[in-house]
Amino acid sequence: MIAPETRANILIEALPYIKEYNGEVIVVKYGGNAMIDEELKQAVIQDIMLLHLVGIHVVLVHGGGPDISRMLKKTGAQSRFINGLRYTDDEAMEIVQMVLCGKVNKDLVRLLEGKGIGLGGMDGGLFRAVKMTDPEGTDYGFVGDIVDVNPKIVQDVIDQGYIPVISSVAAGLEDNNVYNVNADTAAAKIAIALKAKKLILLTDVRGVMREPGNDESLIHDIKVSQVPALTMSGAISGGMIPKVDCCVEAVRSGVERANIQDGRVPHAILIELLTNEGIGTMFH
């Protein structure tokens, strides 16, 4: 049992942060185990609802890889990955759109108890993308790079007092296709377009480690100018590279701070935003 004095001190500690973020936009990318584990999912929803109630504008951007894989398996299709990206053919794209814009998005909206509005990346021309290419000419199918963002529909939802819940799909800029886009990238792009104060990427690791695999070597804060040296040293490698790139792009484009943090920790969002200690790795 927490003593009443301790409870009061927790609230007092949070007060200056509530003042700082009141009226500001915070973009949260939600994925990984935090989407699968029901206890963690409930904690994320509680965090978002609390922030909303104290006047902080949360925008939730989500993926849904496990649900997509499960649905593909039910239809007899195989999940295929190239360089860490899901190869998305016609059949897979139909399922991606159905799962992300349908089941996953609306489940999250329902959990927000009347405060959430679900949006697909196609709604209001929110995200437009072109087919992803790389120097080797690898074909990823209908996987896209976001090249244009129209945040008006998201801002309208915020202005009406609701929480935007955004799925990571995009309309084609030069064609009529729908593209599967990376949720981290989508979150960074909308954070930039909305001039958000903070971007939070929830992941399945504690953050950036000076010695990858050693949790005790967590780097708590990184200036974007330090990123090239950390990449050269191997501290930033593999799947962490694109996440860091999203944070660097966001900060260089006007987002005040960006975080990579462990979504497996209950109430990680509140710990980062409303406590002195914070959590994960912050880019500034």
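Residues numbered from 1 in each chain as written. Predicted model: local features only at pLDDT ≥ 70, side-chain atom pairs only at ≥ 80, totals over all residues. Heavy atoms only, no water.

- As annotated in an unreviewed UniProt entry, the protein chain is Acetylglutamate kinase from Faecalibaculum rodentium.
- Within the UniProt record for the protein chain, the comment given under Subcellular location (unreviewed entry) is "Cytoplasm".
- Per UniProt, the protein chain carries the Function (unreviewed entry) text "Catalyzes the ATP-dependent phosphorylation of N-acetyl-L-glutamate." (UniProt positions renumbered as here; feature names shortened; annotations may be inferred.)

**A few points about the packing of aromatic side chains**
In step 1: Enumeration over the complete set of coordinates arrives at one aromatic pair.
In step 2: A ring pair is formed by F142 and Y179, whose centres lie 6.1 Å apart and whose planes are at 55°; its orientation type is tilted. Residue F142 is located in the loop between β6 (127-131) and β7 (144-149), and its partner Y179 is located in strand β10 (residues 178-180); the two are separated by 37 residues in the primary sequence.
In step 3: Judged by its relative accessible area of 2%, Y179 is buried.
In step 4: We note R80 situated over the ring of Y87; from NZ or CZ to the ring centre the distance is 4.5 Å. (Phe/Tyr/Trp six-rings, centres within 6.5 Å; stacked < 30°, edge-to-face > 60°. Helix = DSSP H or I, 4+ residues; strand = E, 2+ residues; numbered from the N terminus. Buried < 20%, exposed > 50% of the residue type's maximum accessible area, 1.4 Å probe, protein only. Lys NZ or Arg CZ within 6 Å of the ring centre and 35° of its normal.)

**Observations concerning the environment of G239**
In step 1: Along the polypeptide, G239 turns up in the loop between α8 (227-233) and α9 (240-252).
In step 2: Given the relative accessible area of 55%, G239 is considered exposed.
In step 3: Taking the C-alpha atoms as reference points, G239 and G84, 155 residues apart in sequence, are found 7.9 Å from one another.

**Here we look at the UniProt feature "site: Transition state stabilizer" (unreviewed entry) in the protein chain**
In step 1: Within this structure's numbering, the places UniProt gives as "site: Transition state stabilizer" (unreviewed entry) are K29 and K243. A maximum C-alpha distance of 10.9 Å is found for the annotated residues, which run over 215 residues; spatially they form one tight group.
In step 2: We classify K29 as buried; its relative accessible area is 9%.
In step 3: The contacts of K29, once residues within four sequence positions are left out, are V61, A183, D184, A187, I200, L201, L202 and K243.
In step 4: Polar side-chain contacts of K29 include one of 3.4 Å to the side chain of D184.
In step 5: Looking at where K243 falls in the secondary structure, it is placed in helix α9. (Contact = heavy atoms within 4.5 Å. Polar contact = N/O pair within 3.5 Å; in protein donor to acceptor, adjacent residues only side chain to side chain.)

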